[in-house]
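The chain contents come next:
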Amino acid sequence: MAKKFAKPRSMKDVATHYCPGCGHGLIHRLVCEVIDELGVREDTIAIAPVGCAVLAYDYWDFDTMEAAHGRTPAVATAVKRVHPDKLVFTYQGDGDLAAIGTAEIIHTGSRGENLSVIFVNNGVYGMTGGQMAPTTLLGQTTATSLFTRRAEKEGFPLKVLEMMAVLPGVVYLERTSVHSPKEILNAKRAIKKSFQTQLDKKGFSMVEIVSPCPTYWGLSPVKSMERIEKEVVKEYPLGVVKDVGLVSS
Amino acid sequence: MKTKYLSTGNEACGEGAVRAGCRFYAGYPITPQNELTAYMSRRMEEENGVFIQAESELAAISMVHGASAAGARAMTSSSSPGISLKQEGISYMAGCELPAVIINVMRGGPGLGNISPAQSDYFQATKGGGHGDYRLPVLAPASVQEMFDFTYKAFELADKYRNPVMILADGMLGQMMEPLEFDGDIKPPAEVEKPWAMTGAKGREARSVKSLFLGDNALEKHNEKLQEKYRRIVEAETRCETYKTEDAEMILVAYGTVSRTARACVDRLAQKGVKAGLIRPITLWPFPYGEISRLAKKGLKFLVVEMSAGQMVEDVRLAVQDDERVFFHGRTGGGIPEKEAIVSMVEKVV
Amino acid sequence: MAKKTVKMRIDSERCKGCVLCVGVCPVKALEVSSEVNERGVQPVILKHPEKCTGCGLCALMCPDCAIEIDEGEGEG
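First things first, this report covers the structure right here in the doc. Throughout, residues of each chain are indexed from 1 in the direction in which the sequence is written. Starting at A for chains and at 1 for ligands, labels are handed out in the order in which the entities are written. Whole-chain, interface and lining totals are the exception, using all residues; otherwise, since this is a predicted model, local features are given only for residues with pLDDT of at least 70 and side-chain atom pairs are given and counted only at 80 or more. To obtain the side-chain values, all non-hydrogen atoms of the structure were included, while hydrogens and water were left out.

Digging into the overall build of chain B
Part 1 of the reasoning: Secondary structure elements are taken from DSSP: a helix is a run of H or I of four residues or more, a strand is a run of E of two residues or more, and numbering for both begins at the N terminus. Regarding its fold elements, chain B presents 13 helices and 15 strands.
Part 2 of the reasoning: Exposed residues in this analysis have more than 50% of their type's maximum accessible area, buried residues have under 20%, and partly exposed residues fall in between, with area computed by a 1.4 Å probe over protein chains only. Taking all 350 residues of chain B together, the buried fraction comes to 57%.
Part 3 of the reasoning: Contacts are residue-level and defined by heavy atoms, with any inter-residue pair within 4.5 Å sufficient. Put simply, 80% of the contacts in chain B that link residues at least 6 apart link residues at least 24 apart.
Part 4 of the reasoning: Entry remark: accessible area of chain B is about 13,500 Å², with carbon and sulfur atoms responsible for 51%.
Part 5 of the reasoning: In this tally, Asp and Glu contribute negative charge and Lys and Arg positive charge; neither His nor the terminal groups of the chain are included. We put the charge of a Lys on NZ, of an Arg on CZ, of an Asp on CG and of a Glu on CD. Each charge class in chain B can be summarised by its mean position, and for the 42 positive and 45 negative side chains these summaries are 2 Å apart. Calculation of accessible area relied on Shrake-Rupley with a 1.4 Å probe; when residues are assessed, cover is drawn exclusively from the protein chains displayed.

Okay, here's the thing in structure tokens:
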């Protein structure tokens with residue numbers, strides 16, 4: 001009997017702390033499946049964020065380190081410069097990347113660092129209790145936007161990929177989601193393309209993955225996926241934001 | 001074969017790092033240490049190392065964090081306001097037990113302050129400017145030669161104890177020029193095993209470099225391990241220099257460039273028949289409490305001289321344990337203590 | 001062509017009861033169990049194994065790697 005579907009080798013065989021239906025579990029698995037398929041587990045160094053996914057090193061069976069909140073791309077820059085032949089990627093939430101780490105992500109892209117960024121956009125700060133994030137939608141209620149997010153007071157949701165697209169050093173940007181099997185497969189393809197871009201030494205690439213946070217969206221996992229499909233993708237349209245066409249697939 | 005150069009302190013510090021095997025530097029422009037950043041941008045290129053001018057000091061210290069975690073000898077340099085921005089990163093490196101060297105070429109503060117020399121970051125450097133119970137060996141050079149020697153030594157200490165190490169200099173020391181001499185084929189300190197480094201889990205278990213310990217009293221155990229390391233550093237690495245202290249009636253205590261003025265005062269006082277001595281702390285942490293309290297037992301008086309409102313003086317008081325006998329003369333905001341003022345204060349007090 | 005046999009298993013302890021798999025199963029073979037696992041959660045179970053074609057959509061959708069699918073020729 002051949003194994004058709006099982007836990008990827010790069011994923012440790014442990015239960016995760018993530019809430020039921022959390023997108024991190026899915027995305028962790030996709031990253032590991034891609035690393036298995038590319039056969040690079042032993043040459044991978046990942047930088048985890050401060051946020052729900054800080055414990056990624058408990059789940060990934062490859063070298064993983066922490067960074068101070070928001071500084072993940074700076075740490076990754078140095079690791080990649082010291083080990084140019086390793087696959088180096090950051091895994092960051094919207095607070096880590098789009099709030100405190102905005103300068104780091106922009107300058108890492110602007111320097112065209114040859115590394116990959118996995119950007120999990122779930123619209124809130126999960127670890128700290130569901131606060132408003134730069135990616136919180138207008139009209140969305142959170143622990144710190146109790147009267148919903150209003151443009152005139154809380155400003156507008158930030159579109160990081162679109163901002164990064166103007167940087168010459170950035171070669172591939174795609175926004176994907178995990179709200180259905182089709183989107184999950186598409187997200188996996190994008191992650192693989194980003195890692196391949198790096199392995200081919202083409203420059204900086206980033207995959208944004210719109211992800212559910214049932215606990216702080218106050219919805220069931222199934223309803224959270226529906227919310228992505230109906231609402232989130234309107235503000236954060238899925239698809240390729242930039243692709244200078246250096247990599248096949 | 002020793003070669004002699006005429007060098008600024010900043011550049012001597014850079015060369016000391018290069019000779020110590022530093023092959024990763026991340027910095028950010030800030031006076032009065034810019035010569036060091038510029039120097040490293042050239043030397044890292046020449047030595048096939050990595051030079052990055054980061055987007056901020058926050059990014060720079062995190063780059064050093066990453067390079068060190070990847071196993072490289074890494075350094076950053078800045079001046080007072082920039083070092084304030086790096087405190088969180090330094091605390092992370094202490095928590096992760098990451099070796100690295102951080103240079104602070106101090107300037108007048110607080111706030112934007114000015115670009116004149118100062119010593120007003122003593123507390124920040126020695127009492128821990130970041131969060132958590134951590135310690136940082138802090139070396140205080142007083143000459144361009146020591147900027148080279150102490151930076152070289154800092155890399156050795158960093159790897160020996162798996163800990164960040166700080167060089168605490170000041171704008172004068174950084175930008176003035178003096179002869180510098182070193183052996184042309186000086187070797188870097190011996191490489192140390194880094195079984196914790198991020199290199200890719202080929203043929204071994206996956207590793208993680210982290211400072212998060214959530215399990216019950218896991219962080220407490222980790223802190224106990226760190227405190228044990230700090231005790232070993234205090235035991236083995238405390239250093240100070242004494243000058244004419246044995247038969248002195250009064251002891252001057254000063255570090256860095258101010259210790260040179262103090263030394264000149266000791267000689268001047270000798271001419272005037274006043275027997276004064278000088279203790280110059282070389283490691284500000286670990287602080288040479290022992291040497292000071294040994295002299296204090298002779299009932300001597302102490303005059304602490306600093307380019308600050310008085311910070312190291314508190315450690316001297318701790319060592320002497322008698323406030324009556326500890327006096328202070330300092331200038332703030334970039335002011336430099338003058339010989340005449342020190343000499344007349346000693347004459348008044350002795 | 002020998003009949004393809006499929007074996008699909010849900011690790012009922014690893015399952016957190018998020019129920020994301022149930023909705024995507026094209027043949028509605030999955031249901032929430034009335035039992036409760038160690039975690040205090042009602043896990044999803046393969047209620048109708050005979051319907052399962054081994055397509056893997058459920059495994060694709062599972063955030064906790066709780067679903068494994070084996071496939072083989074002849075008797076499973």
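Having seen the structure, we can now continue with the description.
Topic: the packing of helix 1 (residues 9–19) of chain B against helix 7 (residues 144–161) of chain B
All names here are of chain B.
Part 1 of the reasoning: Running from amino to carboxyl end, helix 1 crosses helix 7 at an angle of 30 degrees, the nearest separation of the two axes being 7 Å. Between helix 1 and helix 7, the crossing angle belongs to the class labelled roughly parallel. For the crossing formed where helix 1 meets helix 7, the hand is right-handed. Note on element contacts: helix 7 touches helix 1 through V144, M147, F148, T151, Y152 and F155, opposite G9, N10, A12, C13, E15, G16, A17 and R19. Interaxial angle, 0 to 180 degrees, is taken between N-to-C directions of lines fitted to C-alpha atoms, where a helix line uses only the stretch in contact. In these notes the angle categories are as follows: under 35 degrees is roughly parallel, over 145 is roughly antiparallel, 65 to 115 is roughly perpendicular, and the rest is oblique. By convention the crossing between two helices is left-handed if the near helix lies anticlockwise of the far one by an angle smaller than a right angle, and right-handed if it lies clockwise.

Observations concerning the pairing of strand 2 (residues 24–27) of chain B
Residue and element names in this part refer to chain B.
Part 1 of the reasoning: Across the two faces of strand 2 the burial is the same, with F24 and A26 and Y25 and G27 all buried.
Part 2 of the reasoning: Should DSSP find at least two bridges between two strands, the strands are taken to pair. Of the pairings in the sheet, the one linking strand 2 to strand 3 (residues 50–53) comprises four bridges and is parallel in character. Bridging from a neighbouring strand, Y25 pairs with F51 of strand 3.
Part 3 of the reasoning: By definition, the crossover connecting two strands over a helix is right-handed if that path, from the first strand to the second, turns clockwise as seen with the strands pointing away from the viewer. As for the winding sense of the linkage, the β-α-β connection from strand 2 through helix 2 (residues 34–46) to strand 3 is right-handed.
Part 4 of the reasoning: Looking at chain direction, strand 2 and strand 4 (residues 74–78) are connected through two bridges and run parallel. Paired with F24 across the bridge in strand 4 is A74.

Quick look at the sheet that holds strand 1 (residues 2–5) of chain A
Part 1 of the reasoning: An order of 1(A)-4(C)-1(C) is seen for the three strands of this open sheet, with the pairing classed as antiparallel. Two strands close off the open sheet at either side, each with one partner strand: strand 1 of chain A together with strand 1 (4–10) of chain C. Neighbouring strand axes in the sheet, compared pairwise and without regard to direction, differ in orientation by 30 degrees on average.

Details of the environment of T5 of chain C
Part 1 of the reasoning: Mapped onto the fold, T5 of chain C is located in strand 1.
Part 2 of the reasoning: Put simply, T5 of chain C and G54 of chain C are 49 residues apart on the chain and 8.7 Å apart in space, counted from C-alpha to C-alpha.

Concerning the pattern of salt bridges
Part 1 of the reasoning: Salt bridges are defined by distance alone: a side-chain nitrogen of Lys or Arg within 4 Å of a carboxyl oxygen of Asp or Glu. Applying the stated criterion to the full structure yields 55 salt bridges over all chains.
Part 2 of the reasoning: The partner of D43 of chain A in a salt bridge is K86 of chain A, with the nearest N and O atoms 3.0 Å apart. Within this pair, whereas D43 of chain A is found in the loop between helix 1 (23–38) and strand 2 (44–48), its partner K86 of chain A is found in the loop between helix 3 (72–82) and strand 4 (87–93), the two being separated by 43 residues in sequence.
Part 3 of the reasoning: Assessed through its relative accessible area of 12%, K86 of chain A is described here as buried.
Part 4 of the reasoning: Here D63 of chain A and R204 of chain B are joined by a salt bridge, their closest N and O atoms 2.5 Å apart. A residue pair is termed interchain when its members come from two chains, as with D63 of chain A in strand 3 (residues 63–66) and R204 of chain B in the loop between strand 8 (177–183) and strand 9 (208–209).
Part 5 of the reasoning: Residue classification places D63 of chain A among the buried positions, given a relative accessible area of 0%.
Part 6 of the reasoning: Each of E15, R19, R23, R42, R43, E46 and E47 of chain B takes part in one network of salt bridges that share partners.

Details of the interface of chain B and chain A
Part 1 of the reasoning: With 35 residues of chain B in contact, the opposing surface of chain A contributes 32 residues.
Part 2 of the reasoning: We define buried area as the total accessible area lost by two parts upon association, computed with a 1.4 Å probe and summed across both. Between chain B and chain A, roughly 2,600 Å² of surface is buried when both sides are summed, and carbon and sulfur atoms account for 61% of that area.
Part 3 of the reasoning: When the area that chain B buries against chain A is broken down by residue, the three leading residues are E55, M198 and K202 of chain B, summing to 19%.
Part 4 of the reasoning: Our enumeration of links across chain B and chain A arrives at three salt bridges.
Part 5 of the reasoning: As a salt-bridge pair, K202 of chain B and D43 of chain A come within 3.1 Å of each other at their nearest N and O atoms.
Part 6 of the reasoning: Polar contact is the term for a pair of N or O atoms within 3.5 Å; when the atoms are in protein, one must be able to donate a hydrogen and the other to accept it, and sequence-neighboring residues count only if both atoms are side-chain atoms. At the junction of chain B with chain A, the criterion picks out 16 residue pairs in polar contact (both at pLDDT 80 or more).
Part 7 of the reasoning: Those elements that place two or more of their residues in the side of chain B that touches chain A are strand 3, helix 3 (57–69), helix 5 (87–96) and strand 9 of chain B.
Part 8 of the reasoning: At eight residues, the largest contribution of residues to the side of chain B that touches chain A is made by helix 3 of chain B.
Part 9 of the reasoning: When residues are grouped by polarity, Ala, Val, Leu, Ile, Met, Phe, Trp, Tyr, Cys and Pro land in nonpolar, Asp, Glu, Lys and Arg in charged, and all others, Gly among them, in polar. Considered class by class, the residues forming the side of chain B that touches chain A number 19 nonpolar, nine polar and seven charged.
Part 10 of the reasoning: Where strand 3 of chain A lies against strand 9 of chain B, two bridges are found, and the strand directions are parallel. Counterpart to T64 of chain A in the pairing with strand 9 of chain B is S208 of chain B.

A word on the packing of aromatic side chains
Residue and element names in this part refer to chain B.
Part 1 of the reasoning: Classification of ring pairs uses Phe, Tyr and Trp, with its six-membered ring standing for Trp, and accepts pairs whose centres are within 6.5 Å; under 30 degrees between planes counts as stacked, over 60 as edge-to-face, and the remaining range as tilted. Enumeration over the complete set of coordinates arrives at 13 aromatic pairs over all chains.
Part 2 of the reasoning: Judged by centre distance (6.1 Å) and plane angle (90 degrees), the ring pair of Y230 and W285 falls under edge-to-face. Of this pair, Y230 sits in helix 9 (residues 218–237) while W285 sits in strand 13 (residues 283–285); the two residues are 55 residues apart in sequence, bridging distant segments of the chain. Both residues of the pair, Y230 and W285, belong to the buried class.

Looking at the pairing of strand 11 (residues 250–253) of chain B
Residues and elements named next belong to chain B.
Part 1 of the reasoning: Side chains M250 and L252 of strand 11 all project onto a buried face; the interleaved residues I251 and V253 project onto the opposite face, where all are buried too.
Part 2 of the reasoning: In the sheet, strand 11 pairs with strand 12 (residues 276–281) via four bridges, with the strands oriented parallel. Among the inter-strand pairings, L252 is bridged to a residue of strand 12, identified as L278.
Part 3 of the reasoning: Two strands pair when backbone bridges link them, and strand 11 and strand 14 (residues 301–306) are joined in this way by four bridges, in the parallel orientation. In the sheet register, L252 faces strand 14, and the bridge partner there is L303.

Overview of the packing of helix 3 of chain A against helix 5 (residues 102–110) of chain A
Residues and elements named next belong to chain A.
Part 1 of the reasoning: Helix 5 packs onto helix 3 with a crossing angle of 35 degrees between their chain directions and a minimal axis gap of 7 Å. Contacts between helix 3 and helix 5 involve P73, A74 and T77 from the former and E104, I105 and T108 from the latter.
Part 2 of the reasoning: Among the residues making up the contact of helix 3 with helix 5, the classes are represented as three nonpolar, two polar and one charged.

Examining the interface of chain C and chain A
Part 1 of the reasoning: Listed per partner, the contact involves 28 residues of chain C and 30 residues of chain A.
Part 2 of the reasoning: With both chains or domains summed, chain C and chain A bury close to 2,200 Å², and 63% of this area falls on carbon and sulfur atoms.
Part 3 of the reasoning: Across the chain C-chain A interface, the total number found is three salt bridges.
Part 4 of the reasoning: Put simply, D13 of chain A and R14 of chain C hold a salt bridge, and the shortest N to O gap is 3.2 Å.
Part 5 of the reasoning: Per element, the largest residue contribution to the side of chain C that touches chain A is six residues, and it comes from strand 4 (residues 67–73) of chain C.
Part 6 of the reasoning: The pairing of strand 1 of chain A with strand 4 of chain C spans three bridges and is antiparallel. Each residue of the ladder has a partner; that of F5 of chain A, found in strand 4 of chain C, is I69 of chain C.

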